[in-house]
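Given next are the chains, with one letter for each unit.
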Amino acid sequence: MSKHPFIPLDQFIEYPIDEMRRRSEEFYNLMKRRRTVRQFSDRDVPKDIIENAILTAGSAPSGANMQPWQFVVVSNPEMKRQIRVAAEEVEKDFYDRRAPKYWLKALEHLGTDKNKEYLEIAPYLIVVFTQRYSLDNQGERVPHYYLSESVGIATGMLITALHNAGLATLTHTPHPMAFLRKLLQRPKNEEPYILLVTGYPADDARVPDIQKKSLDEISVFIDK
Ligand code: IYR
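We now turn to the structure provided with this report. (Residues numbered from 1 in each chain as written. Predicted model: local features only at pLDDT ≥ 70, side-chain atom pairs only at ≥ 80, totals over all residues. Heavy atoms only, no water.)

Looking at where Ala-122 falls in the secondary structure, it is placed in the loop between helix H5 (118–121) and strand S2 (124–131). Here Ala-122 falls in the buried class, since its relative accessible area comes to 0%. Put simply, Ala-122 and Phe-221 are 99 residues apart on the chain and 41 Å apart in space, counted from C-alpha to C-alpha. When residues no more than four places from it in sequence are discounted, the contact partners of Ala-122 are Phe-40, Ser-41, Lys-80, Val-197 and Thr-198. (Helix = DSSP H or I, 4+ residues; strand = E, 2+ residues; numbered from the N terminus. Buried < 20%, exposed > 50% of the residue type's maximum accessible area, 1.4 Å probe, protein only. Contact = heavy atoms within 4.5 Å.)

Next comes the structure, spelled out in structure tokens:
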């Protein structure tokens, strides 16, 4: 017998075609309502909803099932303040000096700037870290594989789960992000990947009038 046991796939559900179609439409209709927001309410969100979303993210496929991610959930006001201060420092440098003109031009219609007030206002900041390796029982390094693919998939599932629960998110990628590892005291095998600002949108939140590409633009089908 193999020393790696396999079990039956008894959790797969096959739906009748009509139901598949209905589910695919309903899910699309749900997901296309997701918008990135930059104005958050300070209303609290029950922690167990965040926990369920993280469990969903943690169910993502990953290279060799190494699950090379760590989610640091910050609701502590002082830590949020410190993250805001540090993020605004790097963003100020980005907007005032580092960013080439064409990049700033590409961002213009989104209304972004160096002010990151929402990092203090939103009830949760979920900081996603990649883990480059883990340590086995002997303290030996176990390499992880396909980090950005794995953590990217998990982050997509996290955003989806939070939206499905009725929460808004903003994917924030301050650059450079090393300050997050320091502030959150993460070990040296971890690197910040993305920060998800999470909560309810502000009552008067406004979003840019932007469109998604059509199916024709984003796909090609090589038919039978
Ligand atoms: N990280 C900066 C700039 C920024 C860059 C891109 I590309 C965006 O889609 C949005 C923002 C910021 O957070 O403002």
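That covers the picture; the talk isn't over yet.
Another point: the packing of aromatic side chains. Summed over the entire model, instances satisfying the criterion amount to two aromatic pairs. On the numbers, 5.0 Å between centres and 90° between planes, the contact of Phe-94 with Tyr-95 is edge-to-face. Judged by relative accessible area, which is 17%, Tyr-95 ranks as buried. A residue is classified by how much of its surface remains accessible, and Phe-94, at 9% relative accessible area, is buried. One aromatic cluster is present, formed by Phe-94, Tyr-95 and Trp-103 through successive ring pairs. Geometry around Tyr-200 places Arg-43 over its ring, the cationic atom sitting 3.8 Å from the centre. The aromatic ring of Tyr-133 is capped on one face by Arg-141, whose charged end is 4.1 Å from the ring centroid. (Phe/Tyr/Trp six-rings, centres within 6.5 Å; stacked < 30°, edge-to-face > 60°. Lys NZ or Arg CZ within 6 Å of the ring centre and 35° of its normal.)

Core analysis: the biggest nonpolar cluster contains 23 residues, and Phe-40, Ile-83, Leu-119, Leu-180, Leu-184, Leu-195 and Val-197 have the highest contact counts within it. Sorting the residues of this core by element identifies strand S1 (69–74), helix H3 (77–98), H5, S2, strand S5 (168–172), helix H7 (178–183) and strand S6 (190–199) as the ones contributing at least two each. No other element matches the five residues that H3 contributes to this core. Beyond its immediate stretch of four places on either side in the chain, Leu-180 contacts Ile-83, Val-127, Phe-129, Pro-192 and Leu-195. Counting 20 residues, the second largest nonpolar core, distinct from the first, contains Ile-50, Ala-53, Tyr-124 and Ile-126. (Core = buried A, V, L, I, M, F, W, Y, C linked by side-chain atoms within 4.5 Å.)

It is worth stressing that arrangement in space is one thing and function is another; only the former is reported here.
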